[in-house]
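Chain residues, written in single-letter form:
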Amino acid sequence: MKAAYFERHGGPEAIRYGDLPDPGAGPGEVVVDIHAASVNGADWKVLAGRYSQLDDFPYVLGRDFSGTVAALGGGVDEFAPGDAVFGVCDVGQEGTYAEKLAMKAALCARKPDGLSHVDAAALALIGLTAVVSIEDTLKLEAGEKILIQGGAGGVAGFGIQLARHIGARVVATCSARNVDYVRSLGADEVIDYNAVDFTDAVSDCDAVFDTVGGDVTERSFAVLRPGGRAAFIASGSTPPPSPRDDAISLRPRVGRDRPHLERILELHAAGAVTVPEITTFALADAAAALATSAARHLRGKLVLQIR
């Protein structure tokens, strides 16, 4: 199979494109012919060795995908070869920057006919992360006020729509060029973070969802009302310490399972969320996609169109 992989840590220039052995399906697994895989913010960090130093090379990046079932492992009876599926790899597994992937069947969901492979791949991990963060972790309720940091990104954009669907008042930050886009997602108020300090413009929030990290994380606590809570996905694997005794800091546990994938489809079918703005790359151009992702000023999602 063709794959984009690396044999040493580094920047996007470390990515190679070539042939790797086809995977086989173990017990409880399926082999999927991948049609599309999304590029996530974690990918370039894994490549750079920001999380840990890998030694199992060649290494294939990628956490979510859409494709068709090619082969079944023992004990798998919910799918048949040719079924269209999408999903997110188990925690600790990657490998979707390739033409084929072997993974747990339980972490795949059926892709609706009306949703393209590119769109399904774009929704998978961002939708999973947003649903776990806003519904399961923050437990956002109708009538509450939430600040979503980095509103033009994939996870935050899904989160804006989900929060609005729940019935919350949504404030979001982004750069000037993305203000109209973020407003179109349903944000009630949009703040250009280059022109306005959000801590001066926002207060008394019931919740904050931060997808940016850095100093934004520390300053986000300032906008919470007493008893407010904040969820962080760009500040490491543990929640940052809260500087306030009356504010709760949370780190969503983004596990993988079929019910959450089906929740994404339910929200999309109901019109509560739309597919983000997508920029596609060929698998052979994965290095360029990673360079775009690492620059961190993108809108929507980047997707590798593999078939």
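To be clear, the structure that these remarks concern was listed above.
I will try to describe carefully the structure that is included in this document.

So, how was this worked out
Every residue gets a number counted from 1 within its own chain, in the order that chain's sequence is written. The predicted nature of this model means local features are confined to residues of pLDDT at least 70 and side-chain atom pairs, given and counted, to a pLDDT of 80 or more, with totals for whole chains, interfaces and linings taken over all residues. Side-chain measures were taken over the full set of non-hydrogen atoms in the model, leaving aside hydrogen atoms and water. The angle between two axes is taken between their N-to-C directions and runs from 0 to 180 degrees, where each axis is a line fitted to C-alpha atoms and a helix contributes only its stretch in contact. Only DSSP runs of H or I reaching four residues or more are called helices, and only runs of E reaching two or more are called strands; each is numbered from the N terminus. In this scheme, roughly parallel covers angles under 35 degrees and roughly antiparallel covers those over 145, while 65 to 115 is roughly perpendicular and the rest are oblique. We call two residues in contact when some of their heavy atoms are within 4.5 Å. Throughout, the ten residues Ala, Val, Leu, Ile, Met, Phe, Trp, Tyr, Cys and Pro are labelled nonpolar, Asp, Glu, Lys and Arg are labelled charged, and all others, Gly among them, are labelled polar. With a 1.4 Å probe rolled over the protein chains alone, any residue whose accessible area is under 20% of its type maximum counts as buried; one over 50% counts as exposed, and the rest are partly exposed. A carboxyl oxygen of Asp or Glu within 4 Å of a side-chain nitrogen of Lys or Arg is what we treat as a salt bridge. Paired strands are those between which DSSP finds at least two bridges. To estimate how far a helix should extend, the number of its residues minus one is multiplied by 1.5 Å. Pairing of aromatic side chains requires ring centres within 6.5 Å, counting the rings of Phe and Tyr and the six-membered ring of Trp. Pairs whose planes differ by under 30 degrees are stacked, by over 60 edge-to-face, and all others tilted.

### Observations regarding the packing of helix α1 (residues 41–48) against helix α8 (residues 286–295)
What describes two packed helices is the angle between their axes and the distance between those same axes. Contact geometry for α1 and α8: axes closest at 8 Å, N-to-C directions at 105 degrees. With respect to α8, the axis of α1 lies roughly perpendicular. Contacts between α1 and α8 involve Gly41, Asp43, Trp44 and Leu47 on the former and, on the latter, Leu290, Ser293 and Ala294. A breakdown of the residues in the contact of α1 with α8 according to their chemical character gives 4 nonpolar, 2 polar and 1 charged.

### Structural notes on the environment of proline 240
Relative to the helices and strands, proline 240 is located in the loop between β13 (224–232) and β14 (248–250). Classification of proline 240 by relative accessible area gives buried; the value is 14%. Sequence separation between proline 240 and alanine 230 is 10 residues; the distance between their C-alpha atoms is 9.8 Å.

### As for the pattern of salt bridges
One pass over the full model with this rule turns up 18 salt bridges. The residue aspartate 19 makes a salt bridge to lysine 2 at a minimum N-O spacing of 3.3 Å. Highlighted residues: aspartate 19 in strand β2 (residues 15–19) and lysine 2 in strand β1 (residues 2–6), separated in sequence by 17 residues. Residue classification places aspartate 19 among the exposed residues on the basis of a relative accessible area of 55%.

### Thoughts on unusual backbone geometry
Here the amide bond leading from phenylalanine 57 into proline 58 is cis, since omega sits at 0 degrees, within 30 degrees of zero. Among the secondary structure elements, proline 58 is positioned in the loop between α1 and β4 (59–60). At lysine 139, a residue that is not glycine, the phi angle is positive and equals roughly 50 degrees. Along the chain, lysine 139 turns up in the loop between α2 (117–137) and β9 (145–149).

### A few points about the sheet that holds β2
With respect to topology, 3 strands assemble into an open sheet ordered β2-β1-β4, the strand pairing being antiparallel. Edge positions in the open sheet fall to β2 and β4, since each of these has one partner strand only.

### Section: helix α3 (residues 154–166)
Its 13 residues give α3 an end-to-end C-alpha distance of 18 Å, which sits within 8% of 18 Å, the value for a rise of 1.5 Å per residue. The buried count for α3 comes to 10 of 13 residues, which makes it a mostly enclosed element. Inspection of α3 places Gly154, Val155, Ala156, Gly157, Phe158, Gly159, Ile160, Gln161, Leu162 and Ala163 among the buried residues, and these make up the whole buried set. At the exit of α3 stands glycine 167, carrying a positive phi of roughly 110 degrees.

### As for the packing of aromatic side chains
What the rule picks out here adds up to 3 aromatic pairs. Put simply, the rings of Phe6, Phe57 and Tyr59 pair up and form one aromatic cluster.

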